[in-house]
Amino acid sequence: MEKYYVLILLFPLAGFLFNILIGRFVSTKFVSWVGNLSVFGSLVFSLFTISDVFQGKTIEYNFYTWILSDDLKVSFGYLIDQLTAIMLFVVCFVGWLIHIYSVGYMHGDPGYPRYFAYLNLFVFSMLLLVMGNNLVMLYFGWEAVGLCSYFLIAFWYQKKSASDAGKKAFIVNRIGDFGFAIGIFLLFISVYTLNYTDVFQKIPELQDKTLNILGWHIDLITLIALLLFCGAIGKSAQIPLYVWLPDAMEGPTPVSALIHAATMVTAGVFMVSRLSPLYNLSETALAVVAITGAVTAFYSATIGLVQRDMKRIIAYSTISQIGYMFAASGVVAYGAGVFHLYTHAFFKALLFLGAGSVMHAMAGELDIYKMGGLRKKMPITYITFLIAALTIAGIPGLSGFFSKDEILWYAFASAKPYGKFVWILLTITAALTAFYTFRIVFVAFHGKFRGTEEEFKHVHESPPIMTIPLIILAVGSVFVGYFSVPHFLEPLLGEPKLAVSLQQEKIVMAVSIIAGLVGIATAWYMYILRPTVPENLTNTFKGFYKVLWNKYYVDELYSFLFVRPTLWFADKFIEKITDIKIIEGIVNGIPALIYKIGSLIRPVQTGQLQQYAIFMILGIIVFVLVILNM
Amino acid sequence: MNPIIEHAFFIYFFVSLCILSIAVIASKNIIHSAFSLLIFLLHIAAVFLFLNAEFLMIIQIIVYVGGVLALFIFAIMVMNLREELRHKRFVRFSFLGLAVSLIFFASLYIFLSNVKSNQNVLTYSDTNLLGKLLYSYYLLPFEILSLVLLIALIGGIIIAKKTPVDGDRR
Amino acid sequence: MIPLSWYLILSATLFSIGLMGFIIRRDLIVMLMCLEIMFNSVNVALASFSYYNSNLSGQIFVLFSIAIAACEAVIGLAIVLAIVRNTGINHSDEINNLRG
């Protein structure tokens, strides 16, 4: 059975190849069957891996040696342990449900086969990332998911905003990946191996080594960990490389659900957890991870408070929740971070798919202030959306409560000095999260419809092919929390040390529940009871509102600092000097030179017979003098 | 034979051949050149006789003088060149030609003046023997030569043919 | 006894004169005549080698040389005729159609 796990990778790859090459020539039904069956096949096999891992087995298998060059041995192989099993389950199950949903959502789109091809390619890349047993496979999958993200965000590439968003995603990701690559290089030249098991054996030797850069001594392990974290910042959209994620909402909604909620953006969290032995050896890196995560969580929650586009609010919510996961990793509670990843996949995908359902009904409209009272016309969407909102707010009994509470408890109880700081930020963020999520619920689903009668007549519930995944995800959002993931992952990731007594756990739990309820209540007050309050607040705090509305002007700042100088440089130097003068100079100059030399030599041929005879005789004279006189 | 007479005759032939060849190349009139060529060829025949090659001498006279030279005269007649006396004889930069041929001669002279000759000379040449040699050892070149002559004949006719112009009767 | 080198010098002289004439004269027909002079000088050299090495092969070679020279004269004159008929030019330095 062990060797067959490679099929988990091959099914989506086959689906991709089929759909991209032959998809155009077969019916859309065939395309959707191929796309869905391939992911279902992966799901079946990943369930087998879960059963294997439950028995305590860890499977490592190399099926192809790719690079073999002196010390560098890189092979395609998989390492299946508890962490991989969880990730496989998340990716395959949620991915499968989203595939089914896409059949309904993308119905009638001219790029239908291309969509399913890219979606399968994405699943393949993500599985490669999580199943790999060395850093190169991780990087390979990392880059590949970035590429698929680009393809899928810019899916409707005829729209300029979509193709720009795709480019932005890829470029910002690439900036992070640059640091990631340098981290890998540094790791390789320190331990001469890239296989996880070998690396983890060897890194304790590196513990006190430092790297001398221009006279400064930097701890080697910290440097490596921070560089690798750069990639995670880019891929998982933390500060400062988060700017691509809101714009990525230009892609189709199922794409946002799969890639930017459940799987790709969580790759960074997976990476940190997978490399936990490395991060455990560096206090500084852990602090950076935790603080970045916590600050990002708070920051993006504040932006999400005032946005009007439903998908953007949910996007900022994603950034915020991933901040939670990184904060958990930073306080050495990797298990809690992965637990939150697991539950977040369900409820965030549900939120996105619900938004997609609403878009479907509202003919593409996303501004929540153009909606209202949708719950009467779209009951299933409303109920599932409400369940997701309750989960994310941390209402006890639902899965979000369990995972979020774990994180808050371990942050509070952590022995690290920044633990309490992280805890405070995350608790406030919990309140904000509950607030903005219920803002969507109350504004879009409750109250009166803010559009025309015509539009309201058009609002209808989505077809079953879209609502059944919603229901399944809602059930998942409720119940998956009861499976204690941190306990499951303990053999691998260890248990965090507590610095406070267990009694305080109840207090922390109470605080987080109160924070969630405060958020919901405020939203209720502002949007149901006293609808005029938001407007008054906006007018009173005009400047503050403006800053939040414009996302702290970060996009403008980046444009000024980075984008414009690069474009200026490209135009003035690269185009004018290198392209025109140097390259075209050579390309045009060599033929001109040849022509000139030719025209210098051409006059030798005069066409006159006697001159040719003279040349012949000169040759013979040379012959006679040289050879015969030897 | 008395060496002095031999040398005297040889020197006569040497000088006359040189003068004749210069006359060929330096005459204004083409016919003068042609006739100088005729005398030149006859002198060459005499040189062949010196070298005990009487068959060659006869062949030279018959073929060269009687054939090639007659052909030249015919060609000159056909080309109808009456205006020629007014035109320049020599090419521009003729000194270059002079210089080149002088250098050529000098280089050959350096080499040839040191050639040693043995005393074992051909005392007589037998035409009979020549014929036998031609038809046994040199049969292949002989046959090929006949083919070459045929081709030259046909080729010459074709190249020099008048191309039919529109309006001419075939 | 006339030394071999004398005959060879004779041949070389005639060849050089013929060569000079070939390069210098403008008339096509005179150029052909100079070619004949060169041919004849070579025949003299061949015959003298045959004489001094007691080998009849030299004379055979001369026979072939004479025959080939005749063919060449035929073709050469035919070409000259064709040129003069087509272009009216019979000076070598005005014929430069093969100019590069």
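Since this is a predicted model, take the numbers as computed values, not measurements.

Re the packing of helix α3 (residues 82-105) of chain A against helix α21 (residues 485-493) of chain A
Residues and elements named next belong to chain A. Direction vectors running N to C along α3 and α21 enclose 140°, while the axes themselves pass 8 Å from each other. Looking at the two axes, α3 sits oblique to α21. Residues Q82, L83 and I86 of α3 touch α21, and the partners they reach there are V485, F488, L489, P491 and L492. Residue composition of the contact of α3 with α21, grouped by class: seven nonpolar, one polar and no charged.

Some remarks on the interface of chain A and chain C
Tallying the contact residues gives ten residues for chain A and ten residues for chain C. Tallied by class, the residues present in the side of chain A that touches chain C amount to four nonpolar, five polar and one charged.

Considerations on unusual backbone geometry
Residues and elements named next belong to chain A. Following I239, the chain continues into P240 via a peptide bond in cis, with omega recorded as 0°. Along the chain, the position of P240 falls in the loop between α8 (220-235) and α9 (244-247). For V332, which is not glycine, the phi torsion reads 60° and is therefore positive. On the secondary structure map, V332 appears in the loop between α14 (310-330) and α15 (334-361). By C-beta crowding, V332 is classed as buried, having 24 other C-beta atoms within 10 Å. Unlike most non-glycine residues, K551 shows phi in positive territory, near 55°. As for its position among the elements, K551 is in the loop between α24 (542-549) and α25 (554-601). On the basis of neighbour counts, which here come to 21 C-beta atoms within 10 Å, the residue K551 falls in the buried class.

Describing the environment of L226(A)
Residues and elements named next belong to chain A. With respect to the helices, strands and loops of the structure, L226 is situated in helix α8. Taking the C-alpha atoms as reference points, L226 and V289, 63 residues apart in sequence, are found 8.4 Å from one another. Apart from residues no more than four positions distant in its own chain, L226 is found in contact with A285 and V288.

How each quantity is defined
- Residues numbered from 1 in each chain as written.
- Chains lettered and ligands numbered in written order.
- Predicted model: local features only at pLDDT ≥ 70, side-chain atom pairs only at ≥ 80, totals over all residues.
- Axes fitted to C-alpha atoms, helices over the stretch in contact; angles between N-to-C directions.
- Helix = DSSP H or I, 4+ residues; strand = E, 2+ residues; numbered from the N terminus.
- Parallel < 35°, antiparallel > 145°, perpendicular 65-115°, else oblique.
- Contact = placed C-beta atoms within 7 Å.
- Nonpolar A, V, L, I, M, F, W, Y, C, P; charged D, E, K, R; others polar.
- Buried ≥ 20, exposed ≤ 12 C-beta atoms within 10 Å, placed from the backbone.

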